[in-house]
Amino acid sequence: MGCQYFDPCDHGADTFTIAIPKVTFGRGCLREAGARASGLGMTRVAVFTDPFLRDSAYVAAVLDSLKQAGLDAVVFDEITIEADDASVARGADFIATGNFDGVVSVGGGSVMDTAKAAMVYGLYPSGDFLDYFAPPLGAGKAIPGRLLPHLACPTTSGTGSECTSLSVLRINNLSTKFVLGNPLLLPQEALIDPVCCATLPAMVVASTGFDLLCHALECYTARAYTRWDKVDDPGKRPLIQGANPWSDLAARKAIEIVGEFMERGVNNADDHQARDQLMWGASLAGMAFGNTGTHLGHALSYGVTHLMHDVTTEGYAVKSPFVPHGISVVVSAPAIFRYTAEAAPERHFEAAGYLQADLQGAGSADSGEALAKRIIELMQKTGVPNGLNEVGFGPADVPALAASTARQVRAIANSPRETNRVDIENIYASAMSY
Ligand SMILES: [Fe+2]
């Protein structure tokens, strides 16, 4: 008998696995980078960052700390803001030829995700880039051996990649994103310094904040792990194993943090308490979804970034077309939770409460609407696009969006409610504006 948990079924899993790195959190903790890298056995370090951060105080602090610890460090910064297979190929060359014994990544999700995948392809080149991706897109080949020790240092409060075994990559010739997931990709340590968030533009804090919120909400409302098939071989237990008692803890706290601090953190760069809390919430949400998987919010976001038209976002120095990841997720989120609530009304009701929704007189039958309304309120108070219309989509785009999203098979299956192509079309159609 496993942990007592909701929604068990006869063939369902009775065991779950939690994988998280050693985490250090605190203002100024980047100065520990040298000691921590040295403790992981590194002597010659590949430092991954991006061109925007290359000359920042944060990268300087890390390099200085590595130097003080007597470590040799070489910087790689040829990473695009949406990590893609081309960035990974360049990073893989860097790893393959650099004679490194460790990796330190300093940046947002794109940097950390590129560092993870660059180790895979640099150490174990594959004939086809998709070999290590799960079917039906990839060949599902095993990564042949361990990667280098990895110390991940996030500089935004959203992705949670420092705490996950996942790398989200844009595959350029398919012009959409897919997730490379493998326990070997989990960083050994994370060094989370909220000082990095102090200078982020408001729209970056908003986008990454909604990313962390959707990670947490999708975990909390995901299909229970007891509804996924039992596996006899522990090596075959999926990373996307569904909601579980651990992810509930971390997701709940992350949702509470967004409910209390999101508006303050976005609208006031000097509100250190709020921005520090959002950074902690992002890591908690990463610890949750890395062991649970997301569901429809992220699945539908990949349709948006696949098919986006001429569109830009303030606060991002990226040329059109570009919709930041967190915004691509949240524009459909209210419509999604209105749809999924009937399959797990209590979970949606609890999540709405954690997010500080107005639940006066409401019961669990109203949970989808209450949660959707609170998300919409936060979207409006932080100035993010108010639905798909404001990121350039209209009703005529719905069939193509749904067709693109249908490829995200595993995430769709992690939804608490069985979801087909027509359901996805209906969700997109009702996510045009709120
Ligand atoms: Fe995300």
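To be clear, the structure that these remarks concern was listed above.
Residues numbered from 1 in each chain as written. Predicted model: local features only at pLDDT ≥ 70, side-chain atom pairs only at ≥ 80, totals over all residues. Heavy atoms only, no water.

*Asks:* Kindly report on the nonpolar core, identifying the contributing residues and their values.
*Replies:* Counting 74 residues, the largest nonpolar core has Ile 255, Leu 388 and Tyr 428 as its most contacted members. Looking at which element gives the most residues to this core, the answer is helix 5 (residues 202-220), with 12 residues. Not counting the four nearest positions on each side in its chain, Tyr 428 is found in contact with Leu 300, Gly 303, Val 304, Ser 332, Leu 388, Val 398, Leu 401, Ala 402 and Thr 405. Among the nonpolar cores identified, the runner-up in size contains 31 residues, and Val 88, Phe 100, Val 111 and Ala 115 belong to it. (Core = buried A, V, L, I, M, F, W, Y, C linked by side-chain atoms within 4.5 Å. Buried < 20%, exposed > 50% of the residue type's maximum accessible area, 1.4 Å probe, protein only. Helix = DSSP H or I, 4+ residues; strand = E, 2+ residues; numbered from the N terminus. Contact = heavy atoms within 4.5 Å.)

*Asks:* So what's going on with the side chain of Asp 193? Which residues, and what values?
*Replies:* Assignment of secondary structure puts Asp 193 in the loop between strand 8 (189-192) and helix 5. Buried within the structure, Asp 193 lacks any salt-bridge partner; its nearest side chain of opposite charge belongs to Arg 27, at an N-O separation of 6.5 Å. Looking at Asp 193, its side chain comes within polar contact range of the main-chain nitrogen of Leu 30, at 3.3 Å. Here Val 195 takes part through its backbone nitrogen, which lies 3.0 Å from a polar atom of the side chain of Asp 193. Setting aside residues no more than four positions away along its own chain, Asp 193 makes contact with Gly 26, Arg 27, Gly 28, Cys 29, Leu 30 and Met 279. (Lys, Arg positive; Asp, Glu negative; His and termini not counted. Salt bridge = Lys/Arg side-chain N within 4 Å of Asp/Glu carboxyl O. Polar contact = N/O pair within 3.5 Å; in protein donor to acceptor, adjacent residues only side chain to side chain.)

*Asks:* Tell me what's going on with the sheet that holds strand 1 (residues 22-25), and back it up with residues and numbers.
*Replies:* What links the strands of a sheet is backbone hydrogen bonding, and the strands pair in either a parallel or an antiparallel sense. In spatial order, the strands read 1-8-5-4-2-3; together these six strands make up an open sheet with parallel pairing. Only two strands of the sheet have a single partner each, and these edge strands are strand 1 and strand 3 (72-76). Along the sheet, successive strands turn relative to each other by an average axial angle of 20 degrees, direction set aside. The sheet contact formed by strand 1 and strand 8 spans four bridges and is parallel. In the sheet register, Lys 22 faces strand 8, and the bridge partner there is Glu 189. Across the sheet, helix 7 (residues 272-289) lies against strand 1, strand 5 (150-154) and strand 8, angled at about 170 degrees from strand 1, the strand it touches most. (Pairing = 2+ DSSP bridges. Axes fitted to C-alpha atoms, helices over the stretch in contact; angles between N-to-C directions.)

*Asks:* Describe the coordination of the iron ion, listing the residues and the values that go with them.
*Replies:* Looking at the metal site, the iron ion is ligated by Asp 211 (OD), His 215 (NE2), His 298 (NE2) and His 325 (NE2), spaced 2.1 to 2.2 Å from it. Each of the four donor atoms bound to the iron ion contributes to angles spanning 84 to 171 degrees, and the resulting shape is irregular. Here the donor residues of the iron ion are spaced in sequence according to D-x3-H-x82-H-x26-H. Pair noted here: His 215 is in helix 5 and His 298 is in helix 8 (residues 296-307), with a separation of 83 residues, a long-range link. (Donors = N, O, S within 2.8 Å, 3.2 Å for Na, K, Ca; no water. Tetrahedral: all angles 85-135°; square planar, octahedral: opposite > 155°, others 65-115°.)

*Asks:* Give me the lowdown on the environment of Gly 107, citing residues and values where you can.
*Replies:* Along the chain, the position of Gly 107 falls in strand 4 (residues 102-107). By relative accessible area, Gly 107 is classed as buried at 0%. Separated by 146 residues in the primary sequence, Gly 107 and Lys 253 place their C-alpha atoms 24 Å from one another. The residues contacting Gly 107, other than those within four sequence positions of it, are Leu 53, Met 112, Cys 153, Pro 154 and Thr 155.

*Asks:* Let's hear about the pairing of strand 6 (residues 166-171): which residues, and what values?
*Replies:* In the sheet, strand 6 pairs with strand 7 (residues 176-181) via six bridges, with the strands oriented antiparallel. Within the sheet, the bridge partner assigned to Ser 167 lies in strand 7 and is Leu 180. In sequence, strand 6 turns back onto strand 7 through a hairpin of four residues, with Ser 175 there showing a positive phi of about 45 degrees.

*Asks:* Which residues make up the environment of Ala 429, and what values go with them?
*Replies:* With respect to the helices and strands, Ala 429 occurs in helix 15 (residues 421-429). Looking at Ala 429, the relative accessible area reads 45%, which means it is partly exposed. Separated by 139 residues in sequence, Ala 429 and Gly 290 place their C-alpha atoms 30 Å apart.

*Asks:* Lay out helix 13 (residues 398-405) in plain terms, naming residues and giving numbers.
*Replies:* Within the span of helix 13, buried status applies to Val 398, Leu 401, Ala 402, Ser 404 and Thr 405. Down the axis of helix 13, the smallest arc covering the buried residues is 160 degrees, so these residues share one side. As for helix 13, its buried residues are in contact with strand 7, helix 8, helix 14 (409-413) and helix 15. (Arc of directions from axis to C-beta.)

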